[in-house]
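Structural overview for review
Single-letter residue listing:
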Amino acid sequence: MFGKKKTEDDAIAAAVIHTLLSGLKPEHRSGVLGELTDDQRRQVLAAELEGRKDRWNRTHDTNWGQS
């Protein structure tokens, strides 16, 4: 997801990953992430962060990281 232009599919995937991971109990979230390779975990966590940023931008009518 880094170094390339974000497509609509990337944005949808990030939103889905964020929704799924944020809805899990911490022990289940750790279990899911523990089943992934390091590279897969980095990709999933990067997608989750993108989903959080997109949700923030829509909800707060401002860009992530700005006051």
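Residues numbered from 1 in each chain as written. Predicted model: local features only at pLDDT ≥ 70, side-chain atom pairs only at ≥ 80, totals over all residues. Heavy atoms only, no water.

Looking at a nonpolar patch on the surface
On the surface, Ile12, Val16 and Leu20 cluster together into a nonpolar patch covering about 280 Å² of accessible area. Tracing the sequence through the fold places Val16 in helix H1 (residues 8-22). (Patch = residues over 30% accessible without salt bridge, like charges linked within 9 Å, V, L, I, M, F, W, Y side chains within 5 Å. Areas by Shrake-Rupley, 256 points an atom, 1.4 Å probe, with all protein chains shown as cover. Salt bridge = Lys/Arg side-chain N within 4 Å of Asp/Glu carboxyl O. Helix = DSSP H or I, 4+ residues; strand = E, 2+ residues; numbered from the N terminus.)

Describing unusual backbone geometry
A positive phi angle, close to 55 degrees, is found at Asp61, a residue other than glycine. Position of Asp61 relative to the elements: it lies in the segment after helix H3 (38-60).

Quick look at the confidence of the model for the protein chain
In the predicted model, the protein chain carries a mean pLDDT of 86, and 91% of its residues have values of at least 70. Per-element confidence in the protein chain ranges from a low mean pLDDT of 87 for H1 to a high of 93 for helix H2 (residues 26-34). (pLDDT = per-residue confidence, 0-100.)

Quick word on the pattern of salt bridges
For the structure shown, the criterion picks out four salt bridges. Between Glu48 and Arg52 there is a salt bridge whose closest N-O contact spans 3.3 Å. In this pair, Glu48 and Arg52 are both assigned in helix H3, four residues apart and thus about one turn of the helix distant. Of the residues examined, Glu48 reaches a relative accessible area of 4% and is grouped as buried. In this structure Arg52 comes out as partly exposed when scored by relative accessible area, which is 37%. With its nearest N and O atoms 3.9 Å apart, the salt bridge here joins Lys53 to Glu50. Of this pair, Lys53 and Glu50 both sit in helix H3, separated by three residues, roughly a single helical turn. (Buried < 20%, exposed > 50% of the residue type's maximum accessible area, 1.4 Å probe, protein only.)

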